[in-house]
Each structure stands twice: as structure tokens, then as C-alpha cells.
Amino acid sequence: MELRGIDVSAYNTVTNYQEVAEEGIRVAILRITERGNAVDPTFERNDKGFREAGIKTGVYKYSYALNVSQAQEEARKVLGVLKGRTLDFPVFYDMEWSQQRILSKGELTDIVKAFREVIVEGGYPFGIYCNLDWYRNVLDTKALPYDYWLASYPYNDRGVIVESLRPSVGIGWQYSSKGQIRGISGYVDLDVFYKDNFGEKEEVQEYKIWVGRCTGNAVNVRSGPGLEYQNIPGYPTLNKGNLVDVIGSAKDTKGDTWYRVLIAKKYKGYVYYKYMSRN
């Protein structure tokens, strides 16, 4: 199986999402935040446009983290922008910044795992984007056994697949930065993906699900573990006596516990521990 894909950011101008779909593009990976954790100004428009055109979506975050706390902050911002919405493809952590390359493999491993833990606890599949040099020489891939989306394209890039450069590993291949697609002005990155079933959720660790009862009225159900996250769409609050499945837990930046809840077998979010008791 091969799914044709693209990845886009504010550097790309999408003029017609339906035309992109008609070109045979089935996957779009969107930059979600940029340097300083600012939201990519085209993210919301692209997310809506590609979804309405029937194109599957995922997101990527170019990392500027030099330590664990910065990686956690990058991940929390990603969750805050996603606001609990569904993704078809993972949240990819883009590892290629030159200032990260001088770090040890152990430090990079800690950074990636810290980002991943927050993302997975937020209910999203995780992957790593990097080029083949980073995959072979920089990252400790044995310590980071996750889904990889790998970049490998020729110096004389003409927007076509060069089969001899296809990586023998990974769930996706970015084979060009000079693609031309109807519906997008200028060049765009081109990809092929070999997997599109990422499951409901990766598990950081096994969690014994239990039934919880809400102990307050108008209790916020947030998209992540903390007050900085917005309420989830569809079911933003719970009232006293409401029953939910408690499917996980996570800590906020202060170290307080938030329970991850499943409401009506459909909506997922986080509730502060003081407002949840065992039924």
C-alpha cells in the first residue's frame, strides 16, 4: 500500500483543497506550531480545508527543544491547539535543528521521550520525522523504537521519485521538496506513506479503567492535563453525578493529577482529580 501525501506550512499557499484531492493526494501533514510555539497561521484553514476535501491529516512540530522541559512545553502547546480533535496520522516530532545535533544521543532520547509522553497521554499517536542522516547517525533509534517518517531526496531534486533513495525503514518517505500539485502555488514537499492505521491510542503504560462519578457542577473537561487547555468540543462540562470511564491519568506542570475520561463512549478529555471519585 502506498498513499500519496504532502506536508505543508505557512510557506505553502493552498488555493484549492478539492483540486489537491483530485491530484490523488490522500494524506496531508500540517505544521501545527512554529518557533516560539506560535500557531502556524495556516493550520486551522488547512486542517478544515483538507478534511472537507476527504484528505487524511496529521501534524508535525519542528522541535527547538534543548532539554526535557522545553520538549514538554512544545507538546503541551500542540495539545492545546488540537483541542481534542481527531487525527488520522500521528503527531510527528521533527528532529533536524542544527543546535540539537550537538547534544548527546542520551539527551536527544530524553527530549523525544518527554515530548512523546505528553502527546500519547493526550490521546494521539506519535511519530518521528527526520532525514536519513539523523536516523543513521544522530538519533538512538534502538532507544526510540517508534514510527519514522524519513526524508531522502536527491541534490538535483525534480519532484519525482528516485527509487534508489527510497529508505528501507519507516512508515513514510518524503521524497521531494520540489513537488508541483494543482491547487497549491509554488513548490510543495511530496511524500508516500505505507501505513494509515495508527490505532485509537498508544499506551504509555497499562491503566486499569474504572468508573468515575463527577462530584461538582459545570466541571470543565479539557483537551489536556492543565488549566491552560481549552474545553473539548462536544461535551465541554460534567455535572454532579455524571458517570464516566476513567481511562488514564497525567500530571500538569504543577504536578497535580488530571484524570483522562471517556464520556458516553465517544468524547475524551481531562478532569481535575478533585472532581472525580470512584463510583
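Please refer to the structure higher up on the page.
Residues numbered from 1 in each chain as written. Predicted model: local features only at pLDDT ≥ 70, side-chain atom pairs only at ≥ 80, totals over all residues. Heavy atoms only, no water.

Draft legend 1. A look at the pattern of salt bridges. In this structure the tally under the stated criterion is 16 salt bridges. Here Glu2 makes a salt bridge to Arg166, at a shortest N to O gap of 3.0 Å. A residue pair is termed long-range when its members are at least 10 positions apart, and Glu2 in the segment before β1 (3-8) and Arg166 in the loop between β7 (147-151) and β8 (172-179) qualify at 164 residues. Here Arg85 and Asp47 are joined by a salt bridge, their closest N and O atoms 2.8 Å apart. Of this pair, Arg85 sits in the loop between α3 (68-82) and β5 (91-94) while Asp47 is found in helix α2 (residues 43-52), placing the two residues 38 residues apart along the sequence. Relative accessible area serves as the criterion here: at 5%, Asp47 is assigned to the buried category. (Salt bridge = Lys/Arg side-chain N within 4 Å of Asp/Glu carboxyl O. Helix = DSSP H or I, 4+ residues; strand = E, 2+ residues; numbered from the N terminus. Buried < 20%, exposed > 50% of the residue type's maximum accessible area, 1.4 Å probe, protein only.)

Draft legend 2. Just the sheet that holds β5, in detail. Pairing is mixed in the closed barrel, where 8 strands are placed in the order β1-β3-β4-β5-β6-β7-β8-β10. On average, adjacent strands in this sheet sit at an angle of 30° to one another, irrespective of strand direction. Alignment of β7 against β8, held across 3 bridges, turns out to be parallel. Pairing of Trp149 across the sheet is with Gly172, part of β8. Against the sheet, α2 contacts β1, β3 (27-33) and β4 (56-62), and its axis sits at roughly 160° relative to β3. (Pairing = 2+ DSSP bridges. Axes fitted to C-alpha atoms, helices over the stretch in contact; angles between N-to-C directions. Contact = heavy atoms within 4.5 Å.)

Draft legend 3. View of the packing of aromatic side chains. This model, assessed by the stated rule, comprises 19 aromatic pairs. Each ring, one from Tyr17 and one from Phe50, has its centre 4.8 Å from the other, and the planes form 85°; the classification is edge-to-face. Here Tyr17, found in helix α1 (residues 17-22), pairs with Phe50, found in helix α2; they are 33 residues apart in sequence, far enough to count as distant. For Tyr17, a relative accessible area of 12% gives the class buried. Judged by relative accessible area, which is 0%, Phe50 ranks as buried. (Phe/Tyr/Trp six-rings, centres within 6.5 Å; stacked < 30°, edge-to-face > 60°.)

Draft legend 4. Representation of the sheet that holds strand β15 (residues 257-263) within the structure. Pairing is antiparallel across the open sheet formed by 5 strands, whose spatial order is β16-β15-β14-β11-β17. Of all strands in the sheet, those with a lone pairing partner are β16 (267-272) and β17 (276-278), marking the two edges. Pairwise comparison of adjacent strand axes, ignoring direction, gives a mean angle of 50° for this sheet. Two strands pair when backbone bridges link them, and strand β14 (residues 243-251) and β15 are joined in this way by 6 bridges, in the antiparallel orientation. Bridge pairing in β15 links Ala250 to Trp258.

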